[in-house]
Amino acid sequence: MDITKIGFVGLGLIGGSIAKTIRRIYPEIRLYAVSGHLSTITQAFAAGAIENDYMMDISEFSSMDYIFLCTPVRQNISFLKQLKDIISPNTIITDVGSVKGDIHKAVTELGLEQKFIGGHPMAGSEKTGFAASTAYLLENAYYVITPTACTDPQQTERFRDFVAGLGAIPLVLDSGRHDFATASISHLPHIIAYSLVNLVKEVDDSQETMKTIAAGGFRDMTRIAASSPVMWQEICLSNKEQLLRLIDLYTRQLSGIRASIEKEDTQAMLSYFTDAKNYRDSLTVRQTGPIHPVYELYCDLIDEVGGIATLSTLLASNGINIKNIGILHNREFEDGVLHMELYDQDSLDTAAALLTKYHYTVYRR
């Protein structure tokens, strides 16, 4: 690698995980960070993730090869303004936000199009902060790269290679296409989850009957509503146009199925549910519905020859049968690179204990 110094603005779950991953794979690269909290810097330094044990000033980032902006979108834009006049001609600024429109617009207005490559690692969880970061969060996760119209193609390819070197799967997309796609498969589902929770809260009785009996289907569908309200406020404002468009399309979907139910149009209902089921079943790994209990766990797994075979053999030799197994490439709000589904609770408990015993990092739902 010809990269020697990388700076991080913000060092939470994503920034911290990228820093830890770089430290694990490229220990020769020097990493520095600024944060809103000195405790984060102290914690990251103690973990060996960064070089500085003090609160750096942003002006000290002038000679970085890459600068990762890892704060909320609006804060990232503020830091762009501070970095504009201090970075060296060879510095590339990137970000990790799940919405690209606002920051690309700001980059254009600031005349930084040749100095910026957008980024969105599609991995994470409801957890926040450096303490939740891991050195394997990027492993086999999609990492969307959104260059500007003026980004040097060689710089894009260089950054793409760097991302791939971290164990992620780089995808180069136009920022607008990225925002519509993420609004569809991430942002709208969160809005629906929050709406469903608020609906049940509103119609529940004084004895909280619904809250008491809420089970698998409701919990599975609304788990992501436990995410940070502040973060989702930011995302809604940043991806407003795409999200409003999709809410309108979703409302049309609801109106359509409502009309079919009202008319008792059995064929229309059956076709609607069948089409959805077939498409859902075509998705990889998680092909279970909300009706049946799901016995699943996630674990970190280094991408190396025989990694899955070793884990499978370990479980099989202890009498544990795996129902479904696969690599998660989009791991936003999921933990672990490897997803496994077992047949029953006993198998799940035994598998988790066994993998933990052999030093795998295990996450359970």
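Residues numbered from 1 in each chain as written. Predicted model: local features only at pLDDT ≥ 70, side-chain atom pairs only at ≥ 80, totals over all residues. Heavy atoms only, no water.

**So, the pairing of strand β3 (residues 66-69)**
Regular strands show a simple pattern: their side chains alternate between the two faces of the sheet. The side-chain alternation of β3 yields two buried faces, one formed by Tyr 66 and Phe 68 and the other by Ile 67 and Leu 69. The pairing of strand β1 (residues 5-9) with β3 spans four bridges and is parallel. Among the inter-strand pairings, Ile 6 is bridged to a residue of β3, identified as Tyr 66. As paired elements, β3 and strand β4 (residues 92-95) share four bridges and run parallel to each other. Looking at β4, one finds that Phe 68 is bridged to Thr 94. You can see the chain leave β3, run along helix α3 (residues 73-83) and come back into β4, and the turn it takes is right-handed. (Buried < 20%, exposed > 50% of the residue type's maximum accessible area, 1.4 Å probe, protein only. Helix = DSSP H or I, 4+ residues; strand = E, 2+ residues; numbered from the N terminus. Pairing = 2+ DSSP bridges. Right-handed = clockwise from strand over helix to strand, strands pointing away.)

**Details of the sheet that holds β4**
Within a beta sheet, neighbouring strands are joined by backbone hydrogen bonds and run either parallel or antiparallel to one another. Taken in spatial order, the seven strands make up an open sheet running β2-β1-β3-β4-β5-β6-β7, and their pairing is mixed. Here the strands that pair on one side only, and so sit at the sheet edges, are β2 (30-34) and β7 (169-172). Taking the axes of each pair of neighbouring strands and ignoring which way they run, one obtains an average angle of 25 degrees across the sheet. For strand β6 (residues 142-147) and β7, the ladder comprises four bridges, and the chain directions are parallel. Its bridge partner lying in β7, Tyr 142 is registered against Ile 169. In the packing of helix α4 (residues 101-109) onto the sheet, contacts are made with β3, β4, β5 (116-121) and β6, and the angle to β5 comes to roughly 170 degrees. (Axes fitted to C-alpha atoms, helices over the stretch in contact; angles between N-to-C directions. Contact = heavy atoms within 4.5 Å.)

**Considering the packing of aromatic side chains**
Inspection of every chain in the model, using the stated rule, returns seven aromatic pairs. Relative to Phe 162, the ring of Tyr 26 has its centre 5.9 Å away and its plane inclined at 20 degrees; by these criteria the two rings are stacked. Within this pair, whereas Tyr 26 is found in the loop between α1 (13-25) and β2, its partner Phe 162 is found in helix α5 (residues 153-165), the two being separated by 136 residues in sequence. When its relative accessible area of 1% is taken as the criterion, Phe 162 is described as buried. Each ring, one from Tyr 66 and one from Phe 159, has its centre 5.3 Å from the other, and the planes form 75 degrees; the classification is edge-to-face. A residue pair is termed long-range when its members are at least 10 positions apart, and Tyr 66 in strand β3 and Phe 159 in helix α5 qualify at 93 residues. Judged by relative accessible area, Tyr 66 falls into the buried class, the value being 0%. For Phe 159, a relative accessible area of 0% gives the class buried. For the cation-ring pair, Lys 20 lies above Phe 130, with the distance from its terminal atom to the ring centre recorded as 4.5 Å. (Phe/Tyr/Trp six-rings, centres within 6.5 Å; stacked < 30°, edge-to-face > 60°. Lys NZ or Arg CZ within 6 Å of the ring centre and 35° of its normal.)

**Let's talk about the sheet that holds strand β8 (residues 295-299)**
Across the sheet, four strands lie side by side as β9-β10-β8-β11; this open sheet has antiparallel pairing. At either end of the open sheet lies a strand with only one pairing partner, and these are β9 (322-327) and β11 (362-364). Between one strand axis and the next, the sheet turns through 25 degrees on average, direction left out of account. Pairing of β8 with strand β10 (residues 338-342) involves five bridges; the strand directions are antiparallel. Residue pairing in the sheet places Leu 297 in a bridge with Met 340 of β10. Against the sheet, helix α12 (residues 307-316) makes contact with β8, β9 and β10, and its axis sits at roughly 160 degrees relative to β9, the strand it touches most.

**Observations regarding the pattern of salt bridges**
Under the counting rule described, the total for this entry stands at seven salt bridges. Where Asp 2 meets Arg 158, a salt bridge forms, and the shortest distance between an N and an O atom there is 3.4 Å. Pair noted here: Asp 2 is in the segment before β1 and Arg 158 is in helix α5, with a separation of 156 residues, a long-range link. Judged by relative accessible area, which is 21%, Arg 158 ranks as partly exposed. For Lys 100, the salt bridge goes to Asp 95, with nearest N and O atoms at 2.7 Å. Exposure class is identical for Lys 100 and Asp 95. Each is buried. (Salt bridge = Lys/Arg side-chain N within 4 Å of Asp/Glu carboxyl O.)

**So, helix α9 (residues 229-238)**
Those residues of α9 lying buried are Trp 232, Glu 234, Ile 235 and Ser 238. All buried residues of α9 lie within an arc of 155 degrees about the axis, which places them on one face of the element. Of the exposed residues in α9, the ones pointing more than 90 degrees away from its buried face are Pro 229, Val 230 and Gln 233. (Arc of directions from axis to C-beta.)

**Regarding a nonpolar patch on the surface**
Together, Leu 199, Val 203 and Met 210 make up an exposed nonpolar region whose accessible area comes to about 240 Å². Looking at the secondary structure, you find Met 210 in helix α7 (residues 209-213). (Patch = residues over 30% accessible without salt bridge, like charges linked within 9 Å, V, L, I, M, F, W, Y side chains within 5 Å. Areas by Shrake-Rupley, 256 points an atom, 1.4 Å probe, with all protein chains shown as cover.)

**Quick word on the confidence of the model for the protein chain**
Chain-level pLDDT for the protein chain is 88 on average; 94% of the residues reach the 70-or-more range. Put simply, helix α8 (residues 216-222) is where the protein chain has its lowest mean pLDDT, 75, and β3 is where it has its highest, 98. Contacts of residues 285-292 to residues separated by more than four positions or lying in other chains number 20 contacts, the stretch itself having pLDDT below 50. (pLDDT = per-residue confidence, 0-100.)

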